[in-house]
Amino acid sequence: MKHLVSIGDLTREDAISILDHASELLTLNMQANKKLPTLQSKTVVNLFFENSTRTKISFELAAKRLSADVINFNASSSSLAKGESLKDTAQTLEALGADAVVIRHPSSGAAHNLANRGWLTAGIVNAGDGTNEHPTQALLDALTLRDAFGFAKGEGLDGKRILIVGDILHSRVAGSNLLLLPLLGAEVVVAGPGTLTPQDSNFRDLDHALQMQPDAVMMLRVQRERMAGNMFPSEREYSKFWGLSAERVTKNPNIIVLHPGPMNRGLEISSRAADGSGSRILQQVSNGLAVRMAVLHRLFEGAE
Ligand code: CP
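Now for a description of the structure that goes with this document.

### So, the sheet that holds strand E6 (residues 187-191)
Reading across from one edge, E6-E5-E7-E8 is the order of the four strands in this open sheet, with parallel pairing throughout. Where the open sheet ends on each side, the last strands, each with one partner, are E6 and strand E8 (256-258). For this sheet, the mean inter-axis angle between neighbouring strands, taken without regard to orientation, is 20 degrees. In this structure, strand E7 (residues 216-219) lies alongside E8, joined through three bridges in parallel fashion. Each bridged residue has a counterpart across the sheet, and for Met218 the counterpart in E8 is Leu258. Of the strands in this sheet, strand E5 (161-165), E7 and E8 touch helix H5 (residues 135-149), which is tilted by about 165 degrees from E8.

### Examining the pattern of salt bridges
Here the structure, examined in full by the defined rule, presents 13 salt bridges. As a salt-bridge pair, Arg12 and Asp158 come within 2.9 Å of each other at their nearest N and O atoms. With Arg12 in helix H1 (residues 12-28) and Asp158 in the loop between H5 and E5, this residue pair connects regions lying 146 residues apart in the sequence. Look at Arg12 and you get partly exposed, because its relative accessible area is 25%. With relative accessibility at 42%, the residue Asp158 sits in the partly exposed group. The salt bridge partner of Glu24 is Lys153, with a shortest N-O separation of 3.2 Å.

### Re the sheet that holds strand E2 (residues 69-74)
Read across the sheet, four strands follow the order E2-E1-E3-E4 without closing on themselves; strand pairing throughout is parallel. Across the chains shown, the open sheet's two edge strands, defined by having one partner strand only, are E2 and strand E4 (123-129). Each neighbouring strand pair of the sheet contributes to a mean axis angle of 15 degrees, computed without reference to strand direction.

### Some remarks on the pairing of E6
For E5 and E6, the ladder comprises five bridges, and the chain directions are parallel. Counted as the bridge partner of Ile162 is Val188 from E6. The parallel pair E5 and E6, bridged by helix H6 (residues 172-183), forms a crossover whose chirality is right-handed.

### Quick notes on the nonpolar core
The biggest cluster of nonpolar side chains holds 56 residues, and the ones touching the most others in it are Leu139, Leu145, Leu157 and Leu296. At nine residues, the largest contribution of residues to this core is made by helix H11 (residues 281-303). Not counting residues up to four positions away in its chain, the partners in contact with Leu145 are Leu157, Ile162, Leu181, Ala216, Ile256 and Leu258. One finds Val189, Ala209, Val222 and Ala273 within the second-largest nonpolar core, a separate group that totals 25 residues.

### Re the site of the ligand
Inspection of the region around the ligand gives Ser52, Thr53, Arg54, Thr55, Arg104, His134, Gln137, Pro260 and Gly261 as its neighbouring residues. Here an oxygen atom of the ligand and a side-chain polar atom of Ser52 are 2.6 Å apart. Here a nitrogen atom of the ligand sits 3.2 Å away from a polar atom, N or O, in the main chain of Gly261. Residue composition of the shell around the ligand, grouped by class: one nonpolar, six polar and two charged.

### So, the packing of aromatic side chains
One pass over the structure, following the stated rule, counts three aromatic pairs. Both rings, one in Phe49 and one in Phe73, keep their centres 6.0 Å apart while their planes meet at 50 degrees; by these two values the pair is tilted. Here the residue Phe49 occupies a position in the loop between strand E1 (43-48) and helix H2 (54-65), and Phe73 occupies one in strand E2, the gap between them amounting to 24 residues. Taken as a pair, Phe49 and Phe73 share a single burial class, namely buried. Residues Phe149 and Phe151 carry aromatic rings whose centres are separated by 6.4 Å and whose planes lie at 90 degrees to one another, so their mutual orientation is edge-to-face. You'll find Phe149 and Phe151 in the same group, each marked buried. Here the guanidinium or amino end of Lys160 rests over the ring plane of Phe149, the centre of that ring lying 4.9 Å away.

Definitions and cut-offs
- Residues numbered from 1 in each chain as written.
- Predicted model: local features only at pLDDT ≥ 70, side-chain atom pairs only at ≥ 80, totals over all residues.
- Heavy atoms only, no water.
- Pairing = 2+ DSSP bridges.
- Helix = DSSP H or I, 4+ residues; strand = E, 2+ residues; numbered from the N terminus.
- Axes fitted to C-alpha atoms, helices over the stretch in contact; angles between N-to-C directions.
- Contact = heavy atoms within 4.5 Å.
- Salt bridge = Lys/Arg side-chain N within 4 Å of Asp/Glu carboxyl O.
- Buried < 20%, exposed > 50% of the residue type's maximum accessible area, 1.4 Å probe, protein only.
- Right-handed = clockwise from strand over helix to strand, strands pointing away.
- Core = buried A, V, L, I, M, F, W, Y, C linked by side-chain atoms within 4.5 Å.
- Near = heavy atom within 4 Å.
- Polar contact = N/O pair within 3.5 Å; in protein donor to acceptor, adjacent residues only side chain to side chain.
- Nonpolar A, V, L, I, M, F, W, Y, C, P; charged D, E, K, R; others polar.
- Phe/Tyr/Trp six-rings, centres within 6.5 Å; stacked < 30°, edge-to-face > 60°.
- Lys NZ or Arg CZ within 6 Å of the ring centre and 35° of its normal.

Here is the structure:
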């Protein structure tokens, strides 16, 4: 694998192989000696043009656990502020020795441009581009679901139904999961306010959607920063109709709860639902480190 820009870059076998490798790395991450020499003398650049906690830190830690050198590029203190382009910035970083670039950018297609326009020879990983895709998030979601459902290595998510709820319109997490979960054999149902969902989603509220008896529910963050105006009447109304409350979880006692983070507690998810026994939200974070180690490993394996 030279790049990971989209889940569309992966076959089912590729995806399962990454999940299997990440499962092995989860065990390593629990041992006293957590380091592998795999990427010694390689340099990974974290090129983040948008804020991040989970993705940026886990990519940094993943690269360090594999013994790579890591450069964290800070867009606000860089020459971007003087008008330097993405292409010139990336080529400058490669001239300084970057072997892989992990990019998060507000524009959909930014990672694709770096990977496919011939600007760079470095491997590119999409860490979220605009409202398009966030492939490593979908992989860590799939690993979390596979573990929660008790599937073994080598297996996908066959026969499971996953409900994705909320701001589908602006969600790159949904974009990647809508490709990956079906590739792994799961059925995906989407639900949310009409202004934030595709036209083929016509549930009147979350209770209605939960009547589909999903095995897991993935709550999405309401992305106010990407909304030009008001996409729903009020936060109170959003929470009432589309928020995952403890009562809604109680009515679906075996349901697995996911959220990519960061959460708007009290809006799309209540604290009791986020912290309840069905929640795998912190497991998603832990799995993110293992998945990103597996992806970086595969990227360099592909390059060689
Ligand atoms: N889920 C996710 O991408 O979180 P961050 O924005 O904190 O990286």
